[in-house]
Amino acid sequence: LSYATEFIDKIRDVFPRGGEHWYEFEFFFTLWLLLPYTDGAYVIYEWFTRPLLAPVANRITTMIRHRLGWIEFLLLVVNASHLWIVWYVFVSFPEEQRRFVVVAVGTVGSLL
């Protein structure tokens, strides 16, 4: 919904009175979605998301189950090759740079 705010100037050109109250509409629609009393997100899910996406999700799930062995093998090969490249680059660094990389990854990793 907030992405639609980028286009509000174009909407305002076509519908001047509708664009005038866009931010109020966005605020109250977000409240309706989030508040447990109104349960708007559940309504959107039950009436729109589930009927439209459930058949597509079932087809995708069936397709993945048939090809799961190949997908797992492909992911294993890709991940192993990436780890090998990272290890090779890391080992080729001088000792000071390796120490810096270890400290930087330890610092950033703990923040995530």
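Definitions and cut-offs
- Residues numbered from 1 in each chain as written.
- Predicted model: local features only at pLDDT ≥ 70, side-chain atom pairs only at ≥ 80, totals over all residues.
- Heavy atoms only, no water.
- Phe/Tyr/Trp six-rings, centres within 6.5 Å; stacked < 30°, edge-to-face > 60°.
- Helix = DSSP H or I, 4+ residues; strand = E, 2+ residues; numbered from the N terminus.
- Buried < 20%, exposed > 50% of the residue type's maximum accessible area, 1.4 Å probe, protein only.
- Salt bridge = Lys/Arg side-chain N within 4 Å of Asp/Glu carboxyl O.

Asker: Looking at this structure, I do not really get the packing of aromatic side chains. What am I missing?
Answerer: Here the distance between the centres and the angle between the planes together describe a pair of aromatic rings. Inspection of every chain in the model, using the stated rule, returns 3 aromatic pairs. Pairing Trp84 with Tyr88 gives two aromatic rings, centres 5.6 Å apart and planes at 10°, and the pair type is stacked. Of this pair, Trp84 and Tyr88 both sit in helix α4 (residues 40-92), separated by 4 residues, roughly a single helical turn. Here Trp84 and Tyr88 have matching classes, each one exposed.

Asker: What exactly am I supposed to notice about the pattern of salt bridges here?
Answerer: Where charged atoms of side chains with opposite charge meet at close range, the side chains can pair. The tally for this structure, following the rule as stated, stands at 2 salt bridges. Its salt-bridge partner being Arg50, residue Glu46 comes within 3.2 Å of it at the nearest N-O pair. With Glu46 and Arg50 both in helix α4 and 4 residues apart, this pair spans about one turn of that helix. Of the residues examined, Arg50 reaches a relative accessible area of 42% and is grouped as partly exposed. Two residues, Arg99 and Glu95, come together in a salt bridge whose shortest N-O distance is 3.1 Å. Note that Arg99 and Glu95 are positioned in helix α5 (residues 95-111) at a spacing of 4 residues, about one turn of the helix.

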